[in-house]
Amino acid sequence: MDLNKAEKCKVPVCSIALYVAFSVVALFAVASLINDIVYFNNTVANYVAQGYPDAAVRKELISAQLLPGIFESIAVYGGIAFIIFGAGCINHRFSRFLTLLAKDGACHDTVEENVVENNIEKSMGVTERADTTEEVNEATDNKIAPGQTQN
């Protein structure tokens with residue numbers, strides 16, 4: 001089982017949905033950052049228009065308004081975006097691993113299941129297998145073993 005094969009495998013739909021969600025949340029983060037910066041510049045312009053010195057207004061508002069807005073956008077939206085991106089990457093790799101596992105172990109599992117079924121039938125004393133689900137249902141309704149006839 002080689003996970004680093006160069007074969008092309010399809011990206012699972014769930015991973016694509018997670019990548020799209022990551023993109024949307026990342027766009028919200030960028031939009032929020034732009035909104036905070038524009039709001040800060042408008043607030044500074046309003047205070048300067050009222051007659052306050054530009055340097056004093058910027059000094060006060062940077063620590064009170066701009067930095068918290070920037071950190072909030074980065075922490076909340078950026079954090080959520082990268083968690084979603086990580087979940088998409090993990091889902092993609094896990095799906096690829098399961099696909100490779102299914103390809104390698106499909107025949108082995110089927111043979112193993114048949115051996116287990118045969119061993120169970122031999123231990124229960126069943127000599128014939130029911131061919132259809134109707135026979136199995138009829139046998140369980142009449143409380144007889146599948147394949148046996150009712151007296």
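Bear in mind that the values here come from a model prediction, so they are computed numbers and not experimental data.

A. Representation of the nonpolar core in the model. Grouped together as the largest cluster of nonpolar side chains are 6 residues: Phe40, Val44, Val57, Leu61, Leu66 and Ile70. Looking at this core, the elements with two or more residues in it are helix H1 (13-49) and helix H2 (54-124). No other element matches the 4 residues that H2 contributes to this core. Beyond its immediate sequence surroundings of up to four residues, Val57 is in contact with Val44, Tyr47 and Tyr52.

B. Expanded view of the packing of aromatic side chains. In the structure shown here, the tally under the stated rule is 5 aromatic pairs. Judged by centre distance (5.8 Å) and plane angle (55 degrees), the rings of Phe22 and Phe82 are tilted. With a gap of 60 residues between them, Phe22 in helix H1 and Phe82 in helix H2 connect regions that are remote in the sequence. Considering the side-chain rings of Phe22 and Phe85, the 4.9 Å spacing of their centres and the 45 degrees angle between planes classify their relative orientation as tilted. Within this pair, whereas Phe22 is found in helix H1, its partner Phe85 is found in helix H2, the two being separated by 63 residues in sequence. In this structure an aromatic cluster arises from ring pairing among Tyr19, Phe22, Phe82 and Phe85.

C. Fine view of the environment of Pro68. Relative to the elements of secondary structure, Pro68 occurs in helix H2. For the pair Pro68 and Asp36, spaced 32 residues apart in sequence, the C-alpha to C-alpha distance is 9.3 Å. Here Pro68 is in contact with Ile62 and Ser63, once residues within four sequence places are set aside.

D. Examining a nonpolar patch on the surface more closely. A contiguous nonpolar surface patch, about 650 Å² in accessible area, is contributed by Val11, Ile16, Val20, Val24, Phe28, Val76, Tyr77 and Ile80. Here the element with the most residues in the nonpolar patch is H1; it accounts for 4 residues. The topology assignment puts Tyr77 in helix H2. Judged by relative accessible area, which is 33%, Tyr77 ranks as partly exposed.

E. Up close: the pattern of salt bridges. Within this structure, the stated rule accounts for 1 salt bridge. Put simply, Arg58 and Asp54 hold a salt bridge, and the shortest N to O gap is 3.4 Å. A residue pair is termed a helical-turn pair when its members lie 3 or 4 positions apart in one helix, as Arg58 and Asp54 do in helix H2 at 4 residues. On the basis of relative accessibility, which here comes to 37%, the residue Asp54 falls in the partly exposed class.

F. Examining the environment of Ile70 more closely. Relative to the helices and strands, Ile70 resides in helix H2. For the pair Ile70 and Asp36, spaced 34 residues apart in the sequence, the C-alpha separation amounts to 6.8 Å. Contact partners of Ile70, with chain neighbours within four places excluded, come to Leu33 and Asp36.

Cut-offs applied
- Residues numbered from 1 in each chain as written.
- Predicted model: local features only at pLDDT ≥ 70, side-chain atom pairs only at ≥ 80, totals over all residues.
- Heavy atoms only, no water.
- Core = buried A, V, L, I, M, F, W, Y, C linked by side-chain atoms within 4.5 Å.
- Buried < 20%, exposed > 50% of the residue type's maximum accessible area, 1.4 Å probe, protein only.
- Helix = DSSP H or I, 4+ residues; strand = E, 2+ residues; numbered from the N terminus.
- Contact = heavy atoms within 4.5 Å.
- Phe/Tyr/Trp six-rings, centres within 6.5 Å; stacked < 30°, edge-to-face > 60°.
- Patch = residues over 30% accessible without salt bridge, like charges linked within 9 Å, V, L, I, M, F, W, Y side chains within 5 Å.
- Areas by Shrake-Rupley, 256 points an atom, 1.4 Å probe, with all protein chains shown as cover.
- Salt bridge = Lys/Arg side-chain N within 4 Å of Asp/Glu carboxyl O.

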